[in-house]
Amino acid sequence: MGDFSYKIMIGGRPERGVVAANDIREAAAFLRRKNSIILDLAECRIERGANASAKRNSRGNGGGGTFDRILSGLLISKKSLELSARNLAVLIKGGVPILTALEVCASQAKGRLGRAYLTVAEKIRAGKSLEESVAEEMPFVGKLTLGLVKVGESNGALDAMLLYAADIMERSRKIRNDVIQAMSYPCLVTLMSLGAGFYITTVAIPKITALLGSKRRILPPITLALLDVSAFVRAHWAAILLIPLAAFVALLLARRNPVLGERIDQWLLRIPLLGKAFRTSANSLWARNLGMLLRSGIDIISAIKLTAEGLPNIRVRKELERAGEMVRSGTPLSESIRKTDIAKLSPLAASMVEIGENTGTVDDGLLYVADFNEKELERRLDFLSRMIEPAMLVIVGGMVAFVYMAFFMGLMAVTR
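Residues numbered from 1 in each chain as written. Predicted model: local features only at pLDDT ≥ 70, side-chain atom pairs only at ≥ 80, totals over all residues. Heavy atoms only, no water.

### Comments concerning helix 12 (residues 275–295)
In this model helix 12 runs 30 Å from its N-terminal to its C-terminal C-alpha over 21 residues, within 8% of the 30 Å that 1.5 Å per residue would give. Just past helix 12, the residue Gly297 takes up positive phi, approximately 100 degrees. (Helix = DSSP H or I, 4+ residues; strand = E, 2+ residues; numbered from the N terminus. Expected span 1.5 Å × (residues − 1).)

Right, here's the structure in full:
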């Protein structure tokens, strides 16, 4: 029998003390039965305090300032973040103190993510909560994950909340990868076509023009049109390249404005061909996240708030926030959905939620809606890829046919 000093988080508040147990596993099991999160646990030894203090002082901060945290959000892959969240959940569930668990995750993750975990551990040792430390050093995990960490820290179920966060990351990554995979081939064909067209108009056509010399006036209209296009591209190539880039940057900046951003995202949901894919993707995301949060035991008001904060589409986010305000005032979730544009975006959602409210299985209804929309998204992406492929072939074939016809008809005209 020995004494073990501990630092735990219980009910969202830190607590220190000493517990008697046969070994450290028994001490950890006793603390976990109190629905607490173990921050630090060690056998009481006189020399431990000095050694631990020296170790902490020699470790360094590990953080690189605001710029480093922003850069980390851009460079750290979602998959590595998801994997580290699962590892952290497993370690905490196994009774490993959270400081030790964070250091283990840091050694496995390495790089910027590893340094972020070490800095979070140092801030917890300094007296901050896990949620505060993660919010300061790892804002790239997203508001939804931060909210789950806060809830898990307050109710002692941090391991379960981290697993839910990892599952949500995995679903989001899968949807994003499906969209990228479906659109990668059309984008590649488009870029190759534009590159080939740019080469023809700026390099090949000028050489042909030099050979024609003063015979331009006898050329057929299609050849003259090709020469005019070539002259226009060579004269304004910089603007042709910069205007689409400037328009894309302007669109990103406009989305930062709440009003313009909401209108832009609303337009994206209605755009021909792609709009339905955006709608099904948004429906799958909010229904999946809300269903998983409710299943985890989070109250419906907090679950709606966390789900809305994690949505990339501003229009859907605003409508879900409106539904949350109605629920807060006492309106059932199904009726709140019907009073917002969510009912138009996902007609199935209100009915499934209403059935769930009557049977006490709202989470199951929402997850069914998510599954339905994910399958619909797969079918839509498959349809788009099948339709875009022949359309690109027609466009590329038309470009090639135009160039060849213009060239050979011009050649025939000057060799008569």
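Read on, since the account is not over.
### Regarding the pattern of salt bridges
The full count for this structure, using the stated rule, is 26 salt bridges. With its nearest N and O atoms 3.5 Å apart, the salt bridge here joins Glu378 to Lys174. You can see Glu378 sitting in helix 18 (residues 362–414) and its partner Lys174 sitting in helix 9 (residues 158–212), a full 204 residues away along the chain. The exposure class of Glu378 is partly exposed, given its relative accessible area of 44%. Taken together, the shared-partner salt bridges in this structure form one network comprising Glu262, Arg315, Glu319, Arg322, Asp341 and Lys344. (Salt bridge = Lys/Arg side-chain N within 4 Å of Asp/Glu carboxyl O. Buried < 20%, exposed > 50% of the residue type's maximum accessible area, 1.4 Å probe, protein only.)

### A short note on empty space enclosed by the protein
The full count for this structure, using the stated rule, is four cavities of 30 Å³ or more. The space that makes up the largest cavity amounts to roughly 140 Å³. Lining the largest cavity we find 14 residues, and of these Leu88, Tyr117, Val134, Met138 and Leu162 sit closest to its centre. Those elements that provide at least two residues to the lining of the largest cavity are helix 4 (78–93), helix 7 (130–137), helix 8 (143–155) and helix 9. It is helix 4 that contributes the most residues to the lining of the largest cavity, four residues altogether. Within the lining of the largest cavity, the residues separate by chemical class into 12 nonpolar, two polar and no charged. When its volume is computed, the second largest cavity comes out at roughly 60 Å³. What lines the second largest cavity is Arg171, Lys174, Ile175, Asp178, Glu374, Leu377, Glu378 and Leu381. (1 Å grid on protein atoms, 1.4 Å probe; cavity = no way out; pocket = protein on both sides within 12 Å on 5 of 7 lines; lining within 4 Å. Points joined across faces, edges and corners; volume = space filled by probe spheres on them. Nonpolar A, V, L, I, M, F, W, Y, C, P; charged D, E, K, R; others polar.)

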